[in-house]
Each structure stands twice: as C-alpha cells, then as structure tokens.
Amino acid sequence: MKRLIAFSLILCSIPAFTVFAQPETSLTISAPAAILVEAGTGQVLFEKNSHEKRPPASVTKIMTMLLVVEAIDNGQITLDDMVHCSEYAASMGGSQVYLEPGEAMSVRDMLKAVAVASGNDAAAALAEHLAGSAEAFVAMMNQRAKDLGMKDTHFVNCNGLDDPEHVTSAYDIALMSCELVKHPLIIDFTSIWMDSLRDGAFGLVNTNKLIRFYEGANGLKTGSTSVAKYCLSASAVRDGMNLIAVVMGADSSKERFGDASRLLDYGFANYTIAGTLLTDEELKPISVTKGTSNQVETAVADGFHVLVSKAKVGSIEKVIQLPDQVEAPIRAGDKLGTAEFSIDGQLIGGTDILAKQDVPRVSPFGMFGRLTKQLLFGNDNRSIPIVG
C-alpha cells in the first residue's frame, strides 16, 4: 500500500453512526420511520424511529447491489460476464424486466435492470449467478449485514418481496447505503434516469424520481409493497457532502419523495464539510537533522473529512501537535504529527499531518562536507550545495 494513503484518518471521536448534535429544527417527517446520515462520517443528522423493524420492499436490493459490486471490484465477476435466467428467477413477478427462462444478459445489463427498474427477476438471476443459488445468496446477504453491524435486519430474499421474517430498519438501510456509495461504479447505474435493454427494445425509467428532480441526487433505491408501503433510500451530493435520507412506510410515493427531499434539504442547509481547517502557517515546514535537506514540508492526510454545523464553522478550536524537528531519513507520507478539532469542547474530528516529500539521510561524506561549510561559512548553507 502506498504510504501516502496508508495512514488512517481520525474522522471523529464520536463513533460512526451515533447521533450528532442537531440544530434546532421544526423538520416534520410524515413517514413512521426515517433517518438522515452523512455518508463520509456516518454521522446521524436526524432520526425518527430509526431502529424500528419494518419490511423494506425493494430497498432490499441495496444489499443485492452491494454484493454484486463488491464481487466486481474483487475480480470474482466482471460486468461483461453473461448471466442466464433460471425458471426461478423468471417467476419472481412484481417489478421486473420480463426475463425469459434461459435468456442471457450481461452483468452490466442485469445490474442496470435492478438499479433503474427494480427488476425482481434480474436481482434473482444475479443472486444465482454469484452464489449458485438463491438460498446461498441470502446467506451472503445476512452475513454481510452482520459484518456491517446491521442488528435490526434479517433477509429472506434478494429482492424484498413481502415475508413476515424479512425486516430491517431505517438505521440499517443507512448503514448499507453508506457502504454502497463507497463504490463509484454503482453510481453509474443508480444515477441513470432513462435507458434501455435488449438493444433499445425495452425502455427503462428510474423508479427514483429524485434523480431527475432533486439537485445532486444520484441514487439509491425505491421500494413499495402493500405491506411495506412506500420506502426509499435517497443519496445526494453537493459541495463534497454525500447525504443519505431513508424513509420507510410512507403512505404514498409522493409522501416518500417529499419526506426524503425535506431531509436532504435540512442536511444541506445546516451542515457542511469543512476544508483542511489548517492555514499555511499552521502547516509549517519542520526542521530536519541529519538530512540532505534542512526541512520537510507538511500536509494533511488524504481524505480529510469533517462534518460541521454551518452555524458553528467559526467556532472550531484546533489542537496541533508537531515536533520542532525530526531526524532523517523521512519518506513522503510519514506521519509527523496530528491536528484535532473541537466545538464547545466536543471533539469533532482530526487528521494526521504527513511529510510531503522524501528527505534522505545525509551520507558520511555529505556530513563531512556540511561540517566543512559550517566552519568556512558559518550557518549560511546557500553558498555551497550539500554533498552526499
């Protein structure tokens, strides 16, 4: 692993997915269960009955898509692999792309059918292709849910068809949604508004209307059945901030989109992703001993990401820990210090401070040259370059 990306970021002292301090709000959500989360930090910005176990309908397919894109990313399958539809997959009913038994489509087209048209048949075909059987795939789903800490969840199928034992919560949907958006590939599918399959013969229109009508919307999945009512996990990105709004059990499609829009509006209006928070003066060079250079430049770790209330941006306090000097050799990406940020005494995040460039250790011959120069010219190192 490259050193520049090897250092973990101290996102915040609050464990991911605990309730973050919320501004005063009159936000009203009509659905019985909902949650708003910032995907990069996992911080909960709003919740309502977020751990109530409920049927998720086709929002289930977030886990199905997650397992598929993870398999693609780890090389187990490719987008061009052909998936053959079984009798079982073709029999799913509900929302579908009307696959015929024996019909073959690429993983790419099957994934598109799931993400855009919520095809139950395509989801089942992908499940069988990846795991060998529907039952084996469901076992994979439940294991992945356990790995993600989804304690309110038990899956029975890959597509969300109603079953009394097939349940999850708004909180758990947010967990798997935040994991899914870590894979840029899936956004290529969930952000499609209109497309087609079978060489243009079968049209697709995204079931998530926010993709067309909400600024920054890029996914993720709708769901509705007579039991689950209307559900949605909505993702939107603005100014580097990715919000996930989950709504469960709304009475109508209009209500779920309205609730999700209000949640997203609330998040974008009240929160922001802070910049580096460190000035050039604070990220000062550090003196280096026994090196081919007398100092090393510093930088914050890649992926620095701190969520703050817009009303509190001007109140951020900093604690920076950097040594006065370090000893060579130093390699780009080496951790030199840390910075922590707090508001009203509450730690909100931090980052490692890293070396920007290599500083090799000076050779014995170079050290002799340096000592000679100091004797001849004092501390002015500009006259003769360091040898070694």
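The notes below deal with the structure included here. (Residues numbered from 1 in each chain as written. Predicted model: local features only at pLDDT ≥ 70, side-chain atom pairs only at ≥ 80, totals over all residues. Heavy atoms only, no water.)

### Brief notes about the overall build of the protein chain
Scanning the protein chain from terminus to terminus reveals 10 helices and 18 strands. A separation of at least 24 residues holds for 66% of the contacts in the protein chain among residues at least 6 apart in sequence. (Helix = DSSP H or I, 4+ residues; strand = E, 2+ residues; numbered from the N terminus. Contact = heavy atoms within 4.5 Å.)

### Regarding unusual backbone geometry
The phi angle of most residues is negative, glycine excepted, and most peptide bonds adopt the trans form. With an omega of 15°, the peptide bond running from Gly219 to Leu220 counts as cis. On the secondary structure map, Leu220 appears in strand β7 (residues 217-225). Even without glycine at this site, Asp239 takes up a positive phi of about 50°. Residue placement: Asp239 occurs in the loop between β8 (229-238) and β9 (241-250). With relative accessibility at 78%, the residue Asp239 sits in the exposed group. (Buried < 20%, exposed > 50% of the residue type's maximum accessible area, 1.4 Å probe, protein only.)

### Considerations on the sheet that holds strand β16 (residues 325-327)
Pairing is mixed across the open sheet formed by 3 strands, whose spatial order is β12-β11-β16. Since the sheet does not close on itself, it has two edges, and those belong to β12 (295-296) and β16, each with one partner. (Pairing = 2+ DSSP bridges.)

### Overview of helix α1 (residues 61-73)
Look at α1: 18 Å from first C-alpha to last across 13 residues, which is about the 18 Å you get at 1.5 Å a residue. The set of residues buried in α1 consists of Lys61, Ile62, Met63, Thr64, Met65, Leu66, Leu67, Val68, Val69, Glu70, Ala71 and Ile72. Of the residues trailing α1, Gly75 is marked for its positive phi of about 85°. (Expected span 1.5 Å × (residues − 1).)

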